[in-house]
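Here's the letter readout for the chains.
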Amino acid sequence: MASEFPKDIGQPPVGGGMIGRIQRLILKPKDEWPAIDAEPMTAQGILMGWVAPLAAIGPAARLIQGQLFPMSVFGVTWRPPLLGAIVTAILTWLLAIASTYVWALVIDALAPSFGGTKNQISALKAAAFSGTAAWICGIFGILPFLGILAILGLYSIYLFWVGGPILMKVPQDKAPGFIIVSIIVGAVAMIVAGMVALAIGGAMFAMTPNAFGPAGGGTITVGGTTLDTGKLTDSAAKLQAATSAMEASVKGGNGAVKAVDPGALQNLLPASISGWNRTSVENQGGSAAGIGGSNARAEFQSGDQSFSLSVTDTGVLGNIATLGGAINATSNKQTATGYEKSEMQDGNRVEEKWDNQSKSGSYSVLVASRFAVEASGSAPSIDTLKSAVASVNLGQLQSMAK
């Protein structure tokens, strides 16, 4: 007997059932989206009748894989503890449902800025049914050698490309901008939701005592990464500001963020560094749908060692990715031959990585959540790479961000 389609979602035409709708959505999305748009649905019906069962596929598959195909490295076999694996699967499943709802809120909020219409149910339809391909491809996680096929889940981007503008009544000429902004901002919102879930999970399992503190502040440490939970309260305002900047950039209005001319970035690179010869220098830039970036890069050499020094303007994408520094996460990892760490210094994110055996690594500073200055390659020590980054006028980059 064919599975019955949830009543809240409505009875689809020919083919019936959830399986029929999935087939039509994957094979003929341009025909199926108008049908989805026309059907009366409820938020509960969409989330529980469509998202919940499909979003469970991936976590269930990975749970099974972990128990049936334990990891084996250098003759040592490790299988995740069953209880912990079950809890992880459940949290991942719940987060997928919550993230879908969060993305729907983003879609609904952005639609009017691109000539569309606010409609929470339509936005939830767009978010939920677009995710179908990604969730179905989660089944490939059941066998290790099939994991690469999960990339087919990227078809969900195409599904949203087709259906998002239809459901939110966005004019065709403004559809590309609406799609790009919705996907990028939605992805960031989901990351924020994931960090919140991580914080909640940390409190539940007591990974760090008094994680949230008396007023929601404090830190949580997981796998060497420390999250400042107090900063999460700033994320909503930062997300709104970042979204506004993204919209302005796509539409070309006031507040648009334009990438700095790559030639200006090249002028910030030193012509020489003590003991090192500059062997080449180049720059490039470009934009699409109002979202642009630029980069300048130089190569330096001394004997048989060499490193590159680059300055990159990530434009509005940098602010979106970091939410203007609203989320403060630090990490510190020691390896057999070196280390990796990430932290905030004077309002800028600093990351460094070094391997004592190969005498190579990288050091980068993200200025004003926008300009990335990085030195990477081989050198006598990490101090050489730090000095190279310091040779770039970070204060001037700070002023360029205003």
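Bear in mind that the values here come from a model prediction, so they are computed numbers and not experimental data.

A. Representation of the confidence of the model for the protein within the structure. The pLDDT averaged across the protein works out to 75; a share of 65% of its residues lies at or above 70. Per-element confidence in the protein ranges from a low mean pLDDT of 48 for strand β3 (residues 219-222) to a high of 95 for helix α13 (residues 382-390). Contacts for the low-pLDDT stretch residues 1-15, under 50 throughout, to residues beyond four places or in other chains number 37 contacts. Every residue in residues 219-225 scores below 50 in pLDDT, and together they form 28 contacts with partners more than four places removed in sequence or on other chains.

B. Molecular detail of unusual backbone geometry. In this model, Lys169 sits at a positive phi of 55°, which is unusual for a non-glycine residue. Within the element layout of this structure, Lys169 appears in the loop between α8 (155-168) and α9 (175-204). Even without being glycine, Lys359 reaches a positive phi, approximately 55°. Here Lys359 lies in the loop between β10 (348-355) and β11 (360-367).

C. Quick look at the side chain of Arg349. Inspection of the secondary structure assignment puts Arg349 in strand β10. Buried charge without a partner: Arg349 forms no salt bridge, and the closest opposite charge is Glu351, 5.0 Å away.

D. View of the nonpolar core. In this structure, Trp33, Trp50, Val51, Ile107, Phe129 and Phe178 are the most contacted members of the largest nonpolar core, which totals 41 residues. Sorting the residues of this core by element identifies α1 (17-27), α2 (29-38), α3 (43-55), α5 (82-110), α6 (120-130), α7 (132-136), α8 and α9 as the ones contributing at least two each. Other than its neighbours up to four places away in sequence, Val51 contacts Ile46, Ile97, Thr100, Ala128 and Trp135. Core analysis: the second largest hydrophobic core is formed by 28 residues, Leu268, Leu309, Phe371 and Ala375 among them.

E. Seen up close, a nonpolar patch on the surface. There is a patch of nonpolar side chains on the surface, built from Ile86, Ile90, Leu91 and Leu94 and spanning about 310 Å² of accessible area. In this fold, Leu94 is placed in helix α5. Taking relative accessible area as the criterion, Leu94 reaches 43% and is therefore assigned partly exposed.

F. Summary view of the environment of Val350. Positionally, Val350 belongs in strand β10. In this structure Val350 comes out as buried when scored by relative accessible area, which is 3%. Once the C-alpha coordinates of Val350 and Tyr363 are considered, the two residues, 13 residues apart in sequence, prove to be 7.5 Å apart. Apart from the residues within four sequence positions on either side, Val350 is in contact with Lys341, Ser342, Glu343, Gln345, Tyr363, Ser364 and Val365.

G. The arrangement of the packing of α2 against α6 in detail. Running from amino to carboxyl end, α2 crosses α6 at an angle of 140°, the nearest separation of the two axes being 10 Å. Considering their axes alone, α2 and α6 lie oblique with respect to each other. Taken as a pair, α2 and α6 cross one another with a handedness that is right-handed. Of α6, the residues touching α2 (which contributes Trp33, Ile36 and Asp37) are Ser122, Lys125, Ala126, Phe129 and Ser130. Of the residues assigned to the contact of α2 with α6, the class counts are four nonpolar, two polar and two charged.

H. The pairing of β11, seen in detail. Burial analysis of β11 places seven of its eight residues in the buried class, which makes it a mostly covered element. Sheet topology note: the β10/β11 ladder contains seven bridges and is antiparallel. Across the sheet, the residue bridging to Lys353 is Ser362, located in β11. Counted between consecutive antiparallel strands, the loop separating β10 from β11 contains four residues, among which Lys359 sits at a positive phi close to 55°.

I. Summary view of the pairing of β10. Across eight bridges, strand β9 (residues 338-345) lies against β10 in antiparallel orientation. Looking across to β10, one finds that Lys341 is bridged to Glu352. Connecting β9 to the next strand, β10, in antiparallel fashion are two residues, including Asp346 with a positive phi near 55°.

J. Inspection of the packing of aromatic side chains at higher detail. Taken as a whole and judged by the stated rule, the model has seven aromatic pairs. With a centroid separation of 4.8 Å and an interplanar angle of 45°, the aromatic rings of Trp103 and Phe160 are classed as tilted. Note that Trp103 is positioned in helix α5 and Phe160 in helix α8, a separation of 57 residues in sequence. In terms of burial, Trp103 and Phe160 fall into one category: buried. Members of the aromatic cluster, connected to one another through ring pairs, are Trp103, Phe114, Phe160 and Phe178.

Calculation criteria
Residues numbered from 1 in each chain as written. Predicted model: local features only at pLDDT ≥ 70, side-chain atom pairs only at ≥ 80, totals over all residues. Heavy atoms only, no water. pLDDT = per-residue confidence, 0-100. Helix = DSSP H or I, 4+ residues; strand = E, 2+ residues; numbered from the N terminus. Contact = heavy atoms within 4.5 Å. Buried < 20%, exposed > 50% of the residue type's maximum accessible area, 1.4 Å probe, protein only. Lys, Arg positive; Asp, Glu negative; His and termini not counted. Salt bridge = Lys/Arg side-chain N within 4 Å of Asp/Glu carboxyl O. Core = buried A, V, L, I, M, F, W, Y, C linked by side-chain atoms within 4.5 Å. Patch = residues over 30% accessible without salt bridge, like charges linked within 9 Å, V, L, I, M, F, W, Y side chains within 5 Å. Areas by Shrake-Rupley, 256 points an atom, 1.4 Å probe, with all protein chains shown as cover. Axes fitted to C-alpha atoms, helices over the stretch in contact; angles between N-to-C directions. Parallel < 35°, antiparallel > 145°, perpendicular 65-115°, else oblique. Left-handed = near helix turned anticlockwise from the far one by under 90°. Nonpolar A, V, L, I, M, F, W, Y, C, P; charged D, E, K, R; others polar. Pairing = 2+ DSSP bridges. Phe/Tyr/Trp six-rings, centres within 6.5 Å; stacked < 30°, edge-to-face > 60°.

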